[in-house]
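Structural description and commentary
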Amino acid sequence: MKKTILISPNDSAAVALAPLKKGEEAEGVTLAEDVEKGHKFALRDIKTGEHIIKYGNVIGKATADIKAGEHIHTHNMATNLSGTLEYSYNKKEIPDLSGFKTRMVNVFERPNGEVGIRNELWIIPTVGCVNSQARLIAAEFLKKHGELKGIDGVFAYTHPYGCSQIGEDHERTRMILQRMVKHPNCGGALVLGLGCENNRMDIFKETLGNYNKERTEFLIAQDVEDEIAEGVKLLEKLYEAAKNDKRVEKDLSCLKVGLKCGGSDGLSGITANPLVGRFSDYMAGIGGTTVLTEVPEMFGAEQLLMDRAKDEETFNKIVKLVNGFKEYYQKHDQPVYENPSPGNKAGGITTLEDKSLGCTQKSGAGAVCDVLFDGDALSAHGLNLLNGPGNDMVAVTNLASAGCHMVLFTTGRGTPFGGFVPTIKISTNSDLAKRKTNWIDFNAGGIAEGETFEAKLEQLVDLIVETANGKQTVNERYNSRDIAIFKTGVTL
């Protein structure tokens, strides 16, 4: 097994794939100190203020003289980033992604032509005040039926919002919940309100747009004597409508897949993220759709994405996406580059450029085909960028609300979290996969141990096909299903 990796021949820092000891020879230098797995060490002498190169790009500057073989981290390195920037469009030649062999999946075809990979019943509160009632309705229905036939489960997706919100927060909460109602993985939705919240049921229905009236029910708790009994009755109607749905065979290109990382480490940009990037290119090649979010974790790597914009209009959207998020931070008097997290740093990531260049490996090499802001519908095949923060729960909720059927979630430190769509956890290292079998679905750590990207991509596509066909992800088996809605304003 290799103990180190030099990602690009132009790099001035290499990465330890296993713990290294002082005095060891590594990548042509003698280590001056111990280096933990995932952490960097200098390949040559680096002067104070000099750029440090990883992934073939600048990841920051030296804050002290660094000798060849010395550990590079927060004690002797800092970010170069500051403020909003002006960008230019330097269109990059995109590699030919044709020639991939597609696969077939078995999915649920909805009346509006969309497809789903699950056939579930969802209880969606309009306001947090009825969270307990939503859970009780689901529990009573399941107690009554025992084993369900023809559907994949009944779930209450609770949240703390829907009242005392104004402006963008109020509109975003309503929009996210409305998109859940119409998500193709949902075979039937019960929308549960209290009756006095500002996320009013009448306006919710009026602004819902086209929806399947046979698969959507509405209940206001204050309007009935026993909201639990009434909710169970409405779930019965939805169950009868959904339980006879059958899967049909479709091309894999019908899927929309979200791309996300969380609890990243020094191997994220070396194993799992580039593997997911190869999957994104595979999907683009067969006419499928992928979506990358976490805008703050594009900072420092944004020009690389901009250079892959399919046209100048898309380039301008990426500039708006990136600078808009920086302005959001500045509006709240917060530092734009307060990243990476303590866990990221412990895993070997030093600066935001370091993190972002690893994070954006998930985008592959294909063209950026579109950029989505609040309210935009996912329509372009290929790679899309989605507005939103890096927070795991918010980002997965945003991806699912944009129409993704599942989310690929890479992680070096691990997390049990799952969203309201299947959330496939991909470990960056084998140790995590072995220790946390109750969190991890797929181990990309073998890439650091000599397995090829080609072999791992084939295995990953196999798992995605199985998941689309109904195989439960770990988060589904352990019922780790949550939503979180992005909040930017005041609470009344």
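See the structure shown above.
Since we're looking at a predicted model, the values are computed, not measured. (Residues numbered from 1 in each chain as written. Predicted model: local features only at pLDDT ≥ 70, side-chain atom pairs only at ≥ 80, totals over all residues. Heavy atoms only, no water.)

A few points about the overall build of the protein
- If you tally the helices and strands in the protein, you get 13 helices and 23 strands.
- For the protein, whose C-alpha radius of gyration is 24 Å, the value lies close to the compact-globule estimate of 23 Å for 492 residues.
- The principal-axis extents of the C-alpha atoms in the protein amount to approximately 75 × 45 × 40 Å.
- If you take every contact in the protein between residues at least 6 apart in sequence, the share linking residues at least 24 apart comes to 71%. (Helix = DSSP H or I, 4+ residues; strand = E, 2+ residues; numbered from the N terminus. Rg over C-alpha atoms; globule rule 2.2 N^0.38 Å. Contact = heavy atoms within 4.5 Å.)

Some details on the nonpolar core
- Counting residues in hydrophobic clusters, the biggest one holds 56 residues, and the most contacted among them are Leu 252, Leu 255, Phe 279, Phe 299, Leu 385, Leu 408 and Ile 426.
- The leading source of residues in this core is helix H12 (residues 453–468), at 8 residues.
- Ignoring anything within four residues of it in the chain, the contact list for Leu 255 reads Ile 117, Met 283, Gly 288, Thr 289, His 405, Met 406, Ile 464 and Ala 468.
- Cys 186, Phe 218, Ala 402 and Cys 404 belong to the second-largest nonpolar core, a separate cluster that totals 33 residues. (Core = buried A, V, L, I, M, F, W, Y, C linked by side-chain atoms within 4.5 Å. Buried < 20%, exposed > 50% of the residue type's maximum accessible area, 1.4 Å probe, protein only.)

Quick look at the sheet that holds strand E12 (residues 120–125)
- Taken together, 4 strands build an open sheet; the order of strands is E13-E12-E14-E15 and the sheet is parallel. In this open sheet, the two edge strands, each paired with only one partner strand, are strand E13 (154–156) and strand E15 (216–220). Along the sheet, successive strands turn relative to each other by an average axial angle of 15°, direction set aside.
- Bridge count for E12 against E13 is 3 bridges, and the pairing is parallel. Bridge pairing in E13 links Trp 122 to Phe 155. (Pairing = 2+ DSSP bridges. Axes fitted to C-alpha atoms, helices over the stretch in contact; angles between N-to-C directions.)

Some words on the sheet that holds strand E9 (residues 77–78)
- A sheet is described by the order of its strands in space; here 3 strands give the open sequence E6-E7-E9, paired in antiparallel fashion. Whereas interior strands pair on both sides, the edge strands pair on one side only; in this sheet they are strand E6 (51–54) and E9.
- Note: strand E7 (residues 57–62) against E9, 2 bridges, orientation antiparallel. Within E9, the position partnered with Ala 62 by the bridge is Met 77.
- Here helix H9 (residues 352–359) sits on the sheet in contact with E6 and E7, set at roughly 165° to E7.

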